[in-house]
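So you can see what is in the structure, the chains are spelled out below.
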Amino acid sequence: KVVCVTGASGFIASWLVKLLLQRGYTVKASVRDTADPKKTEHLRSLEGASERLHLVKANLLEEGSFDAAIDGCECVFHTASPFYHDITDPQAELLDPAVKGTLNVLNSCSKTSTVKRVVVTSSAAAVVYSERPRNSDVIIDETWFSNADFAQQNKVWYILSKTLAEEAAWKFAKDHVIDLVTINPAMVIGPLLQPTLNTSNAAVLKLINGSSTFPNLTFGWVDVKDVCEAHILAYENPSASGRYCLVERVLHYSELAKFIKELYPSIQVADKPADDKPVAPSYQVSKEKAKGLGINYTPFEESIKATIESLKEKGFVNL
Ligand code: NDP
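Keep in mind that what you see is a predicted model, and the values were worked out from it rather than measured.

The rules behind these values
Residue positions are given per chain, counting from 1 as you read along its sequence in written order. Under the rules for a predicted model, residues below a pLDDT of 70 receive no local features and side-chain atom pairs below 80 are neither given nor counted, while totals for whole chains, interfaces and linings still include all residues. The side-chain numbers reported here are obtained from all heavy atoms of the structure, hydrogens and water having been left aside. In this description a helix means any DSSP run of H or I spanning at least four residues, a strand means any run of E spanning at least two, and both kinds are numbered starting from the N terminus. C-alpha atoms define the radius of gyration in this analysis, and the globule rule sets the expected value at 2.2 Å times the number of residues to the power 0.38. Here's how the labels work: a residue is buried when its accessible area is under 20% of the maximum for its type, exposed when over 50%, partly exposed in between, all with a 1.4 Å probe on protein chains only. We call two residues in contact when some of their heavy atoms are within 4.5 Å. Areas reported as accessible are Shrake-Rupley estimates using a 1.4 Å probe. Residue values count occlusion only from the protein chains shown. Being near a molecule or strand, for a residue, comes down to having at least one heavy atom within 4 Å of it. Each polar contact in these results corresponds to two N or O atoms within 3.5 Å; when the atoms are within protein, one needs to be able to donate a hydrogen and the other to accept it, and residues that are neighboring in sequence are counted only if both atoms are side-chain atoms. Aromatic rings from Phe, Tyr and Trp, with only the six-membered ring used for Trp, were paired whenever their centres fell within 6.5 Å, and each pair was classed as stacked if the ring planes differed by under 30 degrees, edge-to-face if by over 60, and tilted otherwise. Whether a charge lies above a ring is judged from NZ of Lys or CZ of Arg, which has to be within 6 Å of the ring centre and within 35 degrees of the ring normal.

(A) Spotlight on the overall build of the protein. Counting its secondary structure elements, the protein contains twelve helices and 14 strands. Radius of gyration (C-alpha) of the protein: 19 Å, near the 20 Å computed for a compact globule of 319 residues. Considering only C-alpha atoms, the protein reaches an extent of 55 × 40 × 40 Å along its principal axes. For the protein, the proportion of its 319 residues judged to be buried stands at 54%. In the protein, the share of contacts with a sequence separation of at least 24, taken over all contacts with a separation of at least 6, comes to 78%. When the accessible surface of the protein is summed, it comes to about 14,400 Å², and 51% of that surface belongs to carbon and sulfur atoms.

Have a look at this one:
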């Protein structure tokens, strides 16, 4: 069977391509620059790649750009979307590629009769960000939607980009009768296949590369392999539908730092909050729907260890 993965050179997508090839799929993988070895070599060297991986050049901002990558595929996994915080022009750098890019990909899907399901990598960012109060008794689930106006007011542009992109995806899917499933992972960590550093693993690196402070934030955390498994199960299981929140553990950065210190007692780990505001409240995220899909989460302790070992091995930190 032939499937498409957009943004294949990225952290999550590289693992998705690897697992799809392992399962015997033929993968049409879109990358922005097929001539850049930093974006392609790790994909070309995956097991099965020489026989069943096809790299196709595509850009989120070019209309019709994904037609060639998507044509002939039974499923499209749309993962491509910028995930950066350090930006100068939110509209051009985040919002347009996220929202127009998603519509662009879905439009290519609607032009071909081969695509049976589209799995979009949305985010917990499109679920948890609203004025709804939080504490350790609150259980967030798939019925929660982030509030785009609230995100706009607070200028949290990445959150806004994912919220608007998911809203646009559901609307397009309804209007064009596309079978859409979204995967909504929290912060994804795990070993890097790609040679460059992605934003969520960079958040872990910041705790161990000499900085003394950690952000006063509470996030959910989940392993990259579980996230990719969920994408594949969401396609393979005909009864999968709607959204799937993926969170193994909800942790404040202080707790994350504590876990790292326990695993690596001799290294310097950030040990002070970056502000003196009240500690960001904890909350729970329901695991029920993901369990129904067949996800058995990798324990956070294992994921954080594998992440740090990979950051060491790739030379991002010397411990
Ligand atoms: P990466 O930065 O590693 O990957 C992002 C991918 O998007 C890259 O392949 C990048 O291509 C591609 N991309 C960005 N802009 C464009 C564009 N204009 N045209 C074509 N491709 C583009 O991030 P992740 O793997 O972490 O993220 C993948 C997806 O998962 C994103 O949708 C993200 O929002 C979502 N997500 C990530 C989480 C995390 O914690 N990592 C949590 C929840 C959701 P290039 O390599 O050429 O820059």
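Don't stop here, the text continues.
(B) Representation of the site of the ligand. Taken together, 27 residues surround the ligand, and among them R32, T79, Y158, K162 and V188 come closest. The separation between an oxygen atom of the ligand and a polar main-chain atom of S81 is 3.2 Å. At 2.8 Å, a backbone N or O of V188 approaches an oxygen atom of the ligand. With the chains in place, 93% of the 890 Å² that the ligand exposes on its own is no longer accessible. At the level of elements, α1 (11–22), α7 (157–175) and β8 (187–189) are the ones that each hand at least two residues to the shell around the ligand.

(C) Representation of the packing of aromatic side chains in the model. For the structure shown, the criterion picks out eight aromatic pairs. On the basis of an interplanar angle of 50° and a centroid distance of 5.8 Å, the ring pair of Y25 and Y235 is categorised as tilted. Of this pair, Y25 sits in the loop between α1 and β2 (26–31) while Y235 sits in helix α9 (residues 224–236); the two residues are 210 residues apart in sequence, bridging distant segments of the chain. Here the two residues Y25 and Y235 agree in accessibility, since each one is buried. Within the aromatic cluster, the residues linked to one another by ring pairs are Y25, F77 and Y235. Between R134 and the ring centre of Y283, over which it is positioned, the NZ or CZ distance is 4.8 Å. Sitting over the ring of F145, R243 keeps its end group 3.7 Å from the ring centre.

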